[in-house]
Amino acid sequence: MKYHQSVLTWKILEFLVITDDGIYVDATIGDGGHSLEILKSAKNVKIIGIDKDIRAVETAINKLKLFGNRISVFYGDFADIEQIVRDETEYDFVDGILFDLGLRSEMVDDNTYGFSFKKNGMLDMRFDKKSSKTAYEVVNRYSESRLIQIFHDFADLRNAKSIAKKIISARKKNRIETTTELAEIVANGIPSYRQNDFLARIFQAIRIEVNDEFDKLKQALESSLEIVESGGRIAVITYHSGEDRIVKNFFITESKDCICPPELPVCRCGHRKSLRIITKKPIIPSKEEIGRNSRARSAKLRVAEKL
(Lines give C-alpha, C1' and ligand atoms only; values in the text may rest on other atoms or scores of the structure.)
Protein backbone atom coordinates (compact mmCIF):
# COMPACT_ATOMS: atom_id res chain seq x y z
CA MET A 1 0.00 0.00 0.00
CA LYS A 2 1.22 3.50 -0.81
CA TYR A 3 1.33 5.94 2.10
CA HIS A 4 1.36 9.67 1.49
CA GLN A 5 3.78 11.96 3.27
CA SER A 6 2.41 13.75 6.31
CA VAL A 7 2.63 17.53 6.56
CA LEU A 8 5.00 19.47 8.86
CA THR A 9 6.10 16.26 10.59
CA TRP A 10 9.46 17.54 11.82
CA LYS A 11 7.86 20.65 13.27
CA ILE A 12 5.40 18.40 15.09
CA LEU A 13 8.30 16.50 16.63
CA GLU A 14 9.98 19.76 17.60
CA PHE A 15 6.97 21.45 19.18
CA LEU A 16 4.76 18.60 20.42
CA VAL A 17 6.96 15.71 21.55
CA ILE A 18 8.59 17.15 24.65
CA THR A 19 9.05 14.02 26.78
CA ASP A 20 10.64 10.70 25.78
CA ASP A 21 8.09 8.60 27.66
CA GLY A 22 5.05 10.76 26.94
CA ILE A 23 1.53 9.77 25.97
CA TYR A 24 0.24 11.57 22.91
CA VAL A 25 -3.11 11.63 21.13
CA ASP A 26 -3.14 11.70 17.34
CA ALA A 27 -6.75 12.84 17.09
CA THR A 28 -6.85 12.55 13.29
CA ILE A 29 -4.56 9.58 12.80
CA GLY A 30 -5.37 9.05 9.11
CA ASP A 31 -2.90 6.59 7.64
CA GLY A 32 -0.62 6.99 10.66
CA GLY A 33 2.12 9.12 9.14
CA HIS A 34 2.56 11.52 12.04
CA SER A 35 2.16 8.76 14.62
CA LEU A 36 4.84 6.68 12.92
CA GLU A 37 7.39 9.47 13.23
CA ILE A 38 6.43 10.21 16.84
CA LEU A 39 6.79 6.54 17.77
CA LYS A 40 10.16 6.38 16.04
CA SER A 41 11.38 9.54 17.78
CA ALA A 42 11.54 8.02 21.28
CA LYS A 43 11.45 4.37 22.37
CA ASN A 44 8.98 4.83 25.23
CA VAL A 45 6.46 7.19 23.63
CA LYS A 46 2.88 5.91 23.40
CA ILE A 47 0.16 6.98 20.96
CA ILE A 48 -3.62 7.01 21.26
CA GLY A 49 -5.01 7.35 17.74
CA ILE A 50 -8.53 8.44 16.79
CA ASP A 51 -10.29 8.69 13.44
CA LYS A 52 -13.92 8.81 12.32
CA ASP A 53 -13.07 7.07 9.02
CA ILE A 54 -13.06 3.32 9.68
CA ARG A 55 -10.78 2.73 6.70
CA ALA A 56 -8.21 5.09 8.23
CA VAL A 57 -8.41 3.21 11.53
CA GLU A 58 -7.74 -0.09 9.74
CA THR A 59 -4.87 1.43 7.75
CA ALA A 60 -3.22 2.96 10.81
CA ILE A 61 -3.51 -0.28 12.82
CA ASN A 62 -1.88 -2.22 10.00
CA LYS A 63 0.87 0.36 9.48
CA LEU A 64 1.78 0.71 13.16
CA LYS A 65 1.24 -2.85 14.46
CA LEU A 66 4.99 -3.41 14.87
CA PHE A 67 4.95 -0.98 17.80
CA GLY A 68 2.76 -3.33 19.84
CA ASN A 69 1.12 -1.88 22.94
CA ARG A 70 2.71 1.52 22.33
CA ILE A 71 -0.11 2.28 19.88
CA SER A 72 -3.88 2.10 20.40
CA VAL A 73 -6.27 3.23 17.66
CA PHE A 74 -9.97 3.95 18.15
CA TYR A 75 -12.84 4.58 15.76
CA GLY A 76 -14.55 7.76 16.86
CA ASP A 77 -15.03 11.50 16.49
CA PHE A 78 -12.32 13.80 17.84
CA ALA A 79 -15.06 15.97 19.34
CA ASP A 80 -15.38 13.10 21.86
CA ILE A 81 -11.64 13.06 22.61
CA GLU A 82 -12.03 13.37 26.39
CA GLN A 83 -14.54 10.53 26.57
CA ILE A 84 -12.50 8.27 24.26
CA VAL A 85 -9.27 8.75 26.20
CA ARG A 86 -10.81 8.30 29.64
CA ASP A 87 -13.29 5.51 28.80
CA GLU A 88 -11.24 3.49 26.32
CA THR A 89 -7.73 3.75 27.75
CA GLU A 90 -6.05 3.53 31.14
CA TYR A 91 -5.12 7.22 31.06
CA ASP A 92 -6.88 10.27 32.47
CA PHE A 93 -4.33 12.76 31.17
CA VAL A 94 -1.93 12.95 28.21
CA ASP A 95 1.22 14.91 27.37
CA GLY A 96 0.11 16.27 24.03
CA ILE A 97 -2.55 16.23 21.34
CA LEU A 98 -2.19 16.59 17.57
CA PHE A 99 -4.95 17.56 15.14
CA ASP A 100 -4.09 17.40 11.44
CA LEU A 101 -7.26 18.65 9.76
CA GLY A 102 -6.30 17.71 6.22
CA LEU A 103 -8.10 15.13 4.11
CA ARG A 104 -6.37 11.82 3.50
CA SER A 105 -5.29 11.61 -0.13
CA GLU A 106 -6.96 8.20 -0.36
CA MET A 107 -10.31 9.79 0.47
CA VAL A 108 -9.93 12.37 -2.28
CA ASP A 109 -8.88 9.73 -4.80
CA ASP A 110 -11.74 7.37 -3.91
CA ASN A 111 -14.84 8.53 -5.80
CA THR A 112 -17.16 6.71 -3.37
CA TYR A 113 -16.55 9.54 -0.88
CA GLY A 114 -17.53 12.20 -3.42
CA PHE A 115 -14.95 14.75 -2.26
CA SER A 116 -13.44 15.54 -5.65
CA PHE A 117 -15.09 17.47 -8.45
CA LYS A 118 -12.61 15.83 -10.82
CA LYS A 119 -13.97 12.32 -10.22
CA ASN A 120 -17.53 11.23 -10.90
CA GLY A 121 -19.19 9.88 -7.78
CA MET A 122 -22.35 10.14 -5.73
CA LEU A 123 -22.81 13.26 -3.60
CA ASP A 124 -21.72 11.84 -0.26
CA MET A 125 -18.77 13.68 1.39
CA ARG A 126 -19.11 11.95 4.78
CA PHE A 127 -15.97 11.22 6.77
CA ASP A 128 -17.96 8.69 8.74
CA LYS A 129 -20.21 6.52 6.59
CA LYS A 130 -22.50 5.96 9.58
CA SER A 131 -23.47 9.64 9.63
CA SER A 132 -26.90 10.45 8.24
CA LYS A 133 -26.28 13.80 6.54
CA THR A 134 -24.79 13.67 3.02
CA ALA A 135 -23.89 16.20 0.35
CA TYR A 136 -26.95 14.99 -1.56
CA GLU A 137 -29.16 16.29 1.25
CA VAL A 138 -27.35 19.64 1.40
CA VAL A 139 -27.51 20.19 -2.36
CA ASN A 140 -31.06 18.98 -2.92
CA ARG A 141 -32.92 19.92 0.26
CA TYR A 142 -31.33 22.99 1.80
CA SER A 143 -33.10 26.31 1.32
CA GLU A 144 -31.58 29.02 -0.84
CA SER A 145 -30.76 31.16 2.21
CA ARG A 146 -28.98 28.28 3.93
CA LEU A 147 -26.94 27.49 0.82
CA ILE A 148 -25.96 31.14 0.55
CA GLN A 149 -24.78 31.10 4.15
CA ILE A 150 -22.68 27.95 3.60
CA PHE A 151 -20.95 29.33 0.50
CA HIS A 152 -20.38 32.69 2.16
CA ASP A 153 -19.16 31.41 5.53
CA PHE A 154 -17.23 28.32 4.47
CA ALA A 155 -15.94 29.32 1.03
CA ASP A 156 -15.60 33.11 1.38
CA LEU A 157 -17.35 33.55 -1.97
CA ARG A 158 -18.84 36.92 -2.86
CA ASN A 159 -21.16 35.37 -5.43
CA ALA A 160 -22.69 32.92 -2.94
CA LYS A 161 -26.21 34.04 -3.88
CA SER A 162 -25.78 33.33 -7.59
CA ILE A 163 -24.29 29.88 -6.84
CA ALA A 164 -27.25 29.00 -4.62
CA LYS A 165 -29.69 30.18 -7.30
CA LYS A 166 -27.99 27.93 -9.91
CA ILE A 167 -28.43 24.92 -7.64
CA ILE A 168 -32.05 25.73 -6.78
CA SER A 169 -32.92 26.24 -10.46
CA ALA A 170 -31.24 23.00 -11.57
CA ARG A 171 -32.74 20.79 -8.87
CA LYS A 172 -36.28 21.95 -9.74
CA LYS A 173 -35.83 20.09 -13.03
CA ASN A 174 -33.96 17.02 -11.75
CA ARG A 175 -32.35 15.95 -8.52
CA ILE A 176 -28.60 16.58 -8.49
CA GLU A 177 -27.02 13.21 -7.70
CA THR A 178 -23.36 13.19 -8.74
CA THR A 179 -20.23 15.28 -8.24
CA THR A 180 -19.84 15.97 -11.94
CA GLU A 181 -23.45 17.13 -12.24
CA LEU A 182 -22.93 19.58 -9.40
CA ALA A 183 -19.63 20.78 -10.84
CA GLU A 184 -21.17 21.47 -14.24
CA ILE A 185 -24.08 23.39 -12.69
CA VAL A 186 -22.10 25.72 -10.45
CA ALA A 187 -19.15 26.22 -12.84
CA ASN A 188 -21.40 27.37 -15.66
CA GLY A 189 -20.32 30.88 -16.64
CA ILE A 190 -17.10 30.78 -14.59
CA PRO A 191 -13.93 31.43 -16.68
CA SER A 192 -11.99 28.21 -17.25
CA TYR A 193 -8.83 29.54 -15.61
CA ARG A 194 -10.78 30.09 -12.36
CA GLN A 195 -12.82 26.91 -12.31
CA ASN A 196 -10.47 24.61 -10.37
CA ASP A 197 -10.09 26.99 -7.43
CA PHE A 198 -13.76 27.92 -7.54
CA LEU A 199 -14.97 24.30 -7.54
CA ALA A 200 -12.51 23.31 -4.81
CA ARG A 201 -13.97 25.98 -2.54
CA ILE A 202 -17.56 25.00 -3.34
CA PHE A 203 -16.93 21.33 -2.63
CA GLN A 204 -14.97 22.17 0.51
CA ALA A 205 -17.82 24.32 1.83
CA ILE A 206 -20.35 21.52 1.32
CA ARG A 207 -17.98 19.01 2.97
CA ILE A 208 -17.58 21.28 6.00
CA GLU A 209 -21.37 21.48 6.35
CA VAL A 210 -21.90 17.74 5.90
CA ASN A 211 -19.40 16.88 8.62
CA ASP A 212 -20.14 19.83 10.91
CA GLU A 213 -16.39 20.43 10.91
CA PHE A 214 -16.19 23.84 12.57
CA ASP A 215 -18.41 23.01 15.54
CA LYS A 216 -16.68 19.65 15.98
CA LEU A 217 -13.30 21.40 16.02
CA LYS A 218 -14.48 23.84 18.71
CA GLN A 219 -15.75 20.94 20.82
CA ALA A 220 -12.49 19.03 20.35
CA LEU A 221 -10.33 21.98 21.40
CA GLU A 222 -12.41 22.56 24.53
CA SER A 223 -12.26 18.86 25.45
CA SER A 224 -8.52 18.80 24.87
CA LEU A 225 -8.01 21.23 27.73
CA GLU A 226 -9.56 18.71 30.09
CA ILE A 227 -7.07 15.92 29.36
CA VAL A 228 -3.75 17.66 28.67
CA GLU A 229 -1.32 17.65 31.59
CA SER A 230 0.19 20.91 32.78
CA GLY A 231 3.16 21.51 30.50
CA GLY A 232 1.61 19.39 27.75
CA ARG A 233 0.85 20.81 24.34
CA ILE A 234 -1.91 21.03 21.77
CA ALA A 235 -0.81 21.24 18.13
CA VAL A 236 -3.21 21.90 15.25
CA ILE A 237 -2.51 21.83 11.51
CA THR A 238 -5.19 23.65 9.51
CA TYR A 239 -5.74 24.00 5.77
CA HIS A 240 -8.66 26.44 5.66
CA SER A 241 -8.87 30.05 6.83
CA GLY A 242 -11.99 29.27 8.87
CA GLU A 243 -10.29 26.41 10.72
CA ASP A 244 -7.22 28.53 11.40
CA ARG A 245 -9.37 31.37 12.71
CA ILE A 246 -11.11 29.01 15.16
CA VAL A 247 -7.80 27.67 16.48
CA LYS A 248 -6.21 31.12 16.69
CA ASN A 249 -9.16 32.62 18.56
CA PHE A 250 -9.38 29.64 20.93
CA PHE A 251 -5.68 29.88 21.81
CA ILE A 252 -5.92 33.65 22.31
CA THR A 253 -9.02 33.39 24.50
CA GLU A 254 -7.54 30.63 26.66
CA SER A 255 -4.30 32.55 27.12
CA LYS A 256 -6.12 35.47 28.82
CA ASP A 257 -7.27 35.92 32.41
CA CYS A 258 -10.21 38.11 31.47
CA ILE A 259 -12.38 37.98 28.37
CA CYS A 260 -14.91 40.63 29.38
CA PRO A 261 -15.76 43.38 26.87
CA PRO A 262 -13.16 46.17 27.14
CA GLU A 263 -15.79 48.75 28.19
CA LEU A 264 -16.43 46.93 31.50
CA PRO A 265 -14.39 48.60 34.28
CA VAL A 266 -14.21 45.43 36.40
CA CYS A 267 -13.84 41.79 35.35
CA ARG A 268 -17.09 39.86 35.71
CA CYS A 269 -16.34 36.76 33.63
CA GLY A 270 -14.11 34.97 36.13
CA HIS A 271 -12.17 33.45 33.26
CA ARG A 272 -8.63 32.29 34.03
CA LYS A 273 -6.01 31.56 31.42
CA SER A 274 -5.16 27.93 30.83
CA LEU A 275 -2.79 28.11 27.83
CA ARG A 276 0.48 29.71 26.81
CA ILE A 277 0.81 30.28 23.06
CA ILE A 278 4.03 28.71 21.74
CA THR A 279 3.77 29.79 18.11
CA LYS A 280 3.15 33.54 18.02
CA LYS A 281 2.65 33.21 14.27
CA PRO A 282 1.56 30.03 12.49
CA ILE A 283 4.33 27.74 11.27
CA ILE A 284 4.11 27.16 7.52
CA PRO A 285 5.87 24.57 5.36
CA SER A 286 9.12 25.38 3.60
CA LYS A 287 9.27 25.73 -0.16
CA GLU A 288 11.15 22.43 -0.23
CA GLU A 289 8.36 20.60 1.61
CA ILE A 290 5.71 22.10 -0.66
CA GLY A 291 7.79 20.98 -3.63
CA ARG A 292 7.83 17.42 -2.27
CA ASN A 293 4.23 17.44 -1.11
CA SER A 294 1.69 19.76 -2.72
CA ARG A 295 -0.81 18.99 0.10
CA ALA A 296 1.36 21.14 2.36
CA ARG A 297 0.71 24.32 0.37
CA SER A 298 -2.03 25.77 2.58
CA ALA A 299 -1.00 24.17 5.88
CA LYS A 300 -0.59 26.23 9.06
CA LEU A 301 0.58 24.88 12.41
CA ARG A 302 -0.33 26.49 15.72
CA VAL A 303 0.82 25.19 19.12
CA ALA A 304 -0.14 26.09 22.70
CA GLU A 305 0.99 24.74 26.08
CA LYS A 306 -1.26 23.91 29.04
CA LEU A 307 -0.41 25.97 32.11
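Right above here is the structure, for reference.
What you see is a predicted model; the values in this text were computed from it and never measured. (Residues numbered from 1 in each chain as written. Predicted model: local features only at pLDDT ≥ 70, side-chain atom pairs only at ≥ 80, totals over all residues. Heavy atoms only, no water.)

Engineer: Can you lay out the side chain of Glu-305 for me, pointing to particular residues and giving the numbers?
Structural biologist: Inspection of the secondary structure puts Glu-305 in strand β7 (residues 300-306). Engagement of the side chain of Glu-305 in a polar contact is seen with the side chain of Arg-233, the distance being 2.9 Å. Apart from the residues within four sequence positions on either side, Glu-305 is in contact with Gly-231, Gly-232, Arg-233, Ser-274, Leu-275, Arg-276 and Ile-278. (Helix = DSSP H or I, 4+ residues; strand = E, 2+ residues; numbered from the N terminus. Polar contact = N/O pair within 3.5 Å; in protein donor to acceptor, adjacent residues only side chain to side chain. Contact = heavy atoms within 4.5 Å.)

Engineer: A description of the environment of Lys-218 should follow, citing residues and the corresponding values.
Structural biologist: When you line up the elements, Lys-218 lands in helix α11 (residues 213-227). Taking the C-alpha atoms as reference, Lys-218 lies 27 Å from Ala-164; in sequence the two are 54 residues apart.

Engineer: Describe unusual backbone geometry, listing the residues and the values that go with them.
Structural biologist: In the Ramachandran plot, Leu-8 falls in the positive-phi region, its phi being about 55° despite a non-glycine side chain. Topologically, Leu-8 is positioned in the segment before α1 (9-15).

Engineer: Account for the packing of aromatic side chains, with residues named and values stated.
Structural biologist: All chains considered together, the criterion is met by six aromatic pairs. Look at Phe-250 and Phe-251: their rings are 6.2 Å apart centre to centre, the planes differ by 50°, and that puts the pair in the tilted class. Phe-250 sits in the buried class, given a relative accessible area of 11%. Positioned above the aromatic ring of Tyr-113 is the side chain of Lys-129, whose terminal nitrogen or guanidinium carbon lies 4.6 Å from the ring centre. Taking the ring centre of Tyr-142 as reference, the NZ or CZ of Arg-146 above it sits at 3.9 Å. (Phe/Tyr/Trp six-rings, centres within 6.5 Å; stacked < 30°, edge-to-face > 60°. Buried < 20%, exposed > 50% of the residue type's maximum accessible area, 1.4 Å probe, protein only. Lys NZ or Arg CZ within 6 Å of the ring centre and 35° of its normal.)

Engineer: Hey, could you go over the nonpolar core for me, with residue numbers and the actual values?
Structural biologist: Across soluble globular proteins, nonpolar side chains have a tendency to be buried as a group. Core analysis: the biggest nonpolar cluster contains 70 residues, and Phe-99, Phe-151 and Ile-206 have the highest contact counts within it. Ranked by residue count, the leading element in this core is helix α10 (residues 192-211), at eight residues. In contact with Phe-99, other than residues within four places in its own chain, are Ala-27, Thr-28, Phe-78, Ile-81, Ala-220, Leu-221, Ser-224, Ile-234, Ala-235, Val-236 and Ile-237. Listed in part, the 31 residues of the second largest apolar core include Leu-8, Ile-237, Ala-299 and Leu-301. (Core = buried A, V, L, I, M, F, W, Y, C linked by side-chain atoms within 4.5 Å.)

Engineer: Run through the packing of helix α8 (residues 160-173) against helix α9 (residues 179-187), naming residues and quoting values.
Structural biologist: Where α8 meets α9, the axes come as close as 9 Å, and the angle between the chain directions of the two elements is 125°. Between α8 and α9, the angle falls in the class oblique. The two elements α8 and α9 cross, and the hand of that crossing is right-handed. Contacts between α8 and α9 involve Ile-163, Lys-166, Ile-167 and Ala-170 on the former and, on the latter, Leu-182, Ile-185 and Val-186. (Axes fitted to C-alpha atoms, helices over the stretch in contact; angles between N-to-C directions. Parallel < 35°, antiparallel > 145°, perpendicular 65-115°, else oblique. Left-handed = near helix turned anticlockwise from the far one by under 90°.)

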